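# Coordinate analysis (summary)
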Amino acid sequence: MKILRNVDGVEGFSRQKTLWFYNGLDCCITKELQEIFTPTVAKVCQKTYDFEMAMLGPAMTMMRRGLRVDKEAVPLVRAAQVKRQKTIIRLWNYITEALVGERINYASSKQVPNLFYNLLGIPPIHKREGGRMRVTTDRGALEKIAAKYPRGKVLARILLELRDIKKKLDVVEVKLDPDGRLHYSFNVAGTNTWRWSSSATAFRTGTNVQNITKELRRMYIPDEGYKMFYVDLDQAESLAMAYITGDNNYIFACHSGDLHTAVAKMIWSELPWTEDIIEDRGVAETPYLHGLSYRDLAKRAGHGTNYGLTPHSLASHLGLKLRDAFKFHLQYLGGVVPITNVERWHNQDPDGGFDLLMDQGRIRKSEAGEKSSMLVLDGAFPDIRKYHKKVLQELEVCGKLTTPLGMTRHFWGNPSDQSVVREAIAFVPQSTIGCLLHIGMHRVWKELDGDKVQILANIHDAILGQAKEEDFDNHLQAVIDCMLNPIPFGESDLLVPVSAEVGYNWSPVDPKNKLFEDGNPNGLREWNGEEE
């Protein structure tokens, strides 16, 4: 085989011809690599390859189509963000002047670290960059400061808000394509969970369409004669986790009509629950810990615990005391804890409900290496804990996991590394739902996409599209039918429910005026089978 250097054969070529020459070489290399890797792909991951190749059709359709931009809404959205930015900057200036006697430039890479780590005396937080450990005030550092250091909490939160507003303004000012539409790229192999990632286009226009926030979505509208739809898989990951683990309590909670209230009822059974859904929701929303209601904690801590967060991680993420995180973890998953620990927690917080752990568990005598008797709790969802152990065993023995839809992923990290374990625990439910969404989306593209129905974007567990106003309800029902695809679980199948919102811009209606002064009357609202 003749080997060409990238300078061979281009003498006398114009710049355009040279670029075409290089392009040809790149194509040849790709072809040569295909011939080498095809046998391996066929043996190990042909199903994954075929699945992702099939996704290129809908991906390219949406990338080329893009989103129509409402030019009248753009200045309104921009003005709202600028107004909010000015208010937050004034607050930042006021606090920094009061603290240190001078204004600190919130955008300065030197002044901000100096404020937190020198003037406020917070221990410096480091991050590896370019092979070296450097002091940082990135998002992770600011979130850590807000969680651990009261003297820096307010300023860290203000700075996070200012950086978020800057990102939103960047989206408002993003460069559009010559057709005046917002275009974007999708990477069908962009994540390890079969979800797509998004970015700006190859021509440096547009943006990551998956990260456009609700208040910015008002800028995007359907084409003339069309109405927008936003079709979402309801509580998809929770349902997947319930059926994958086979935990009957969690399956019941998922089908109860209010997952998080049902979880709260199973964990805090001592509360005055009734059989009335509305009254129980009110009980679940009773304030409990650190500004969180019972329902809030069931939702946020439950999600993290499902995916393998330890009590220490829960405490860090949610700002809980470690004893409260341990209590939730034990009541949720079950486990074993020294009785001396429970007694100490009870003495520290007599009203914290730790005496109830003793009532809910059973005592086991100490064994070799244990300093005290142990309290054994079954927990509300013991089969989720068993699933975690099963995943760890499969990592150690096989180094790979396979989803109910037949997709296999190899894990090359150390199975004793907790980050690898957590990633593996999350993989099966997340990948299952990622594939399920794309199966449905591919059906919509193949069976319906054309003049009457058009898909516009892939947004995590949802698809955004538009359909002709004429006979809109029938068009949307056809889309929903395409999205309903069973997941096999032994002798039974799981059919994840689908919900839809419809409107004339991508943002939701806002009756309480939290996002928009006018309530966004043309925004997305729930669709119940017919137009209002």
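Preceding this section is the structure that the text describes.
Below is a short write-up of the structure. (Residues numbered from 1 in each chain as written. Predicted model: local features only at pLDDT ≥ 70, side-chain atom pairs only at ≥ 80, totals over all residues. Heavy atoms only, no water.)

This paragraph deals with the overall build of the protein. Across its full length, the protein carries 19 helices and 20 strands. Taken along its principal axes, the extent of the C-alpha atoms in the protein is 85 × 70 × 60 Å. With 532 residues in all, the protein has 45% of them scored as buried. Of all intrachain contacts in the protein linking residues separated by at least 6 positions in sequence, the fraction that spans at least 24 positions is 62%. With the model as given, the accessible surface of the protein reaches about 28600 Å², and the carbon-plus-sulfur share is 52%. Across the protein, the mean location of the 67 positive side-chain charges is 8 Å away from that of the 68 negative side-chain charges. (Helix = DSSP H or I, 4+ residues; strand = E, 2+ residues; numbered from the N terminus. Buried < 20%, exposed > 50% of the residue type's maximum accessible area, 1.4 Å probe, protein only. Contact = heavy atoms within 4.5 Å. Areas by Shrake-Rupley, 256 points an atom, 1.4 Å probe, with all protein chains shown as cover. Lys, Arg positive; Asp, Glu negative; His and termini not counted. Charge placed at Lys NZ, Arg CZ, Asp CG, Glu CD.)

Turning to the sheet that holds strand 11 (residues 362–364), a few remarks are in order. Ordered by their spatial adjacency, 3 strands build an open sheet running 10-12-11, and the pairing between neighbours is antiparallel. Either end of the sheet is taken by a strand with one partner, and the two such strands are strand 10 (335–338) and strand 11. Ignoring which end each strand starts from, the neighbouring axes of this sheet average 35° apart. Here helix 15 (residues 339–348) sits on the sheet in contact with strand 10, strand 11 and strand 12 (374–377), set at roughly 70° to strand 10. (Pairing = 2+ DSSP bridges. Axes fitted to C-alpha atoms, helices over the stretch in contact; angles between N-to-C directions.)

With 7 of 7 residues buried, strand 15 (residues 453–459) lies mostly within the body of the structure. Direction of pairing for strand 15 relative to strand 16 (residues 462–468): antiparallel, over a ladder of 6 bridges. Residue Ile455 lies in a different strand from strand 16, and its bridge partner there is Gly465. Between strand 15 and strand 16, which pair antiparallel in sequence order, lie 2 residues; one of them, His460, sits at a positive phi of approximately 60°.

None of the figures reported here should be taken as evidence of function without further support.
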